[in-house]
Amino acid sequence: MGSNGHRPHRSRGVLQRLLGTDRSVAFVLSGGASLGSIQVGMLKALFEAGIKPDFLVGTSVGAVNAAWIAGWPSAEGIAKLEEIWLGLRREDVFPLGWAAATGLLGKTNHLFSNGALRNLLERNLPYERLENATVPVHVVTSELKSGRAVILSSGPTVPALLASSAIPGLFPPVTIGRRDLVDGGVANHTSIDAAVKLGARRIYVLPISYPWLYEEPTSALGMALQALARMVAQRLESEVAAYRDAAEITVIPPLEPMAVSPADFSHTGELIEHGYESARKMLVRRRTPRRQPELRPSTEASAA
């Protein structure tokens, strides 16, 4: 599977599963279509600082990035992921065709075929089954009927990623077993709870910054997008608060919002650099010791 010339070394992941060794550091990657390129820069900064995951949890495009790094967890792997992202165009993920036309006419339940995304994944991912990744990876999907989160940790990789990325209305649901699965963001956009339940003691959250969260809506669509972004942000805040006693949680903050559409792949380079600078500055702040207040003699001591 894949033609990038890399095959994952399975020894670490297999030994961890067999021996039950501690897997305490988790990376949690959220979704956001083309905005997911920001996570490439974040990953680059984390690896440069010597921070590597014992396992990864990903949703939607975050699941795609997580699956790639799980198979090639190194600076070289991140460089290759960046190369792939820089080569992407809208039609590589959101191809216009008969599916869009029939979807608009109400004859199908989606606008885009997932065939282009499937081809992209099959062409690049170096392993066929999730359990064969070098580092364990867990893919967040949502059951279509109930809306509940379904975490996939084994089984064919590409169908799991297609399911996690199946934005309702845009891509078709993916049937795995007897369940129809859609985008993991329906159940949980940034699944900190899954990471905690899987045993994480230190969690690094790699979120997506939605530009319309900071804009004054001027249309019905703008109002809906801002409400959606606000809901995602509030869910993240509530999860951090709920699990802060169970794990040390670090959320990489965005430096500033970038006015980029999730379907626009022309700003990938800027977003990667944006994510890198955001993570690097956060890590520098964490390493910098706080200045201790100067001790000044009291008036009584001075008088003495």
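Keep in mind it's a predicted model, so treat the numbers as computed, not measured.

Parameters at a glance
Residues numbered from 1 in each chain as written. Predicted model: local features only at pLDDT ≥ 70, side-chain atom pairs only at ≥ 80, totals over all residues. Heavy atoms only, no water. Phe/Tyr/Trp six-rings, centres within 6.5 Å; stacked < 30°, edge-to-face > 60°. Helix = DSSP H or I, 4+ residues; strand = E, 2+ residues; numbered from the N terminus. Buried < 20%, exposed > 50% of the residue type's maximum accessible area, 1.4 Å probe, protein only. Lys NZ or Arg CZ within 6 Å of the ring centre and 35° of its normal. Core = buried A, V, L, I, M, F, W, Y, C linked by side-chain atoms within 4.5 Å. Contact = heavy atoms within 4.5 Å. Salt bridge = Lys/Arg side-chain N within 4 Å of Asp/Glu carboxyl O.

With respect to the packing of aromatic side chains
Working step 1: Per the stated rule, a full pass over the model turns up 8 aromatic pairs.
Working step 2: On the numbers, 6.5 Å between centres and 75° between planes, the contact of Phe27 with Phe47 is edge-to-face. With Phe27 in strand 1 (residues 25–29) and Phe47 in helix 2 (residues 38–48), this residue pair connects regions lying 20 residues apart in the sequence. The same class applies to Phe27 as to Phe47, namely buried.
Working step 3: Ring geometry for Phe94 versus Phe265: centroids 6.5 Å apart, planes at 45°, classification tilted. Taken together, the residues span a long stretch of sequence, with Phe94 in the loop between helix 4 (75–86) and helix 5 (98–104) and Phe265 in the loop between strand 8 (248–251) and helix 10 (268–287) at a distance of 171 residues.
Working step 4: In this structure Phe265 comes out as buried when scored by relative accessible area, which is 8%.
Working step 5: Aromatic rings pair up to connect Trp85, Phe94, Phe112, Phe171 and Phe265 into one cluster.
Working step 6: When the ring centre of Tyr276 is taken as origin, the NZ or CZ atom of Lys44, which lies over that ring, is 5.4 Å away.

With respect to the nonpolar core
Working step 1: By size, the foremost hydrophobic cluster in this structure holds 64 residues, and its most contacted members are Phe27 and Leu56.
Working step 2: Here this core gets 8 residues from one element, more than from any other, and that element is helix 3 (residues 61–71).
Working step 3: Not counting chain neighbours up to four residues away, the residues in contact with Leu56 comprise Phe27, Leu29, Ala66, Ile69, Ala70, Val135, Pro136, Val137 and His138.
Working step 4: If you look at the next biggest cluster of nonpolar residues, it comprises 15 residues, including Phe55, Val57, Ile192 and Val205.

Points about the pattern of salt bridges
Side chains that differ in sign of charge can pair as their charged atoms come close.
Working step 1: Tallying each qualifying case throughout the model produces 6 salt bridges.
Working step 2: In this structure, Glu83 engages Lys80 in a salt bridge whose closest nitrogen and oxygen atoms are separated by 3.2 Å. You can see Glu83 and its partner Lys80 sitting in helix 4, 3 residues apart, about one turn around the helix.
Working step 3: A salt bridge links Glu122 to Arg118, with the nearest nitrogen and oxygen atoms 3.8 Å apart. Of this pair, Glu122 and Arg118 both sit in helix 6 (residues 115–124), 4 residues apart, which is roughly one turn of the helix.
Working step 4: The class of Arg118 is partly exposed, set by a relative accessible area of 30%.

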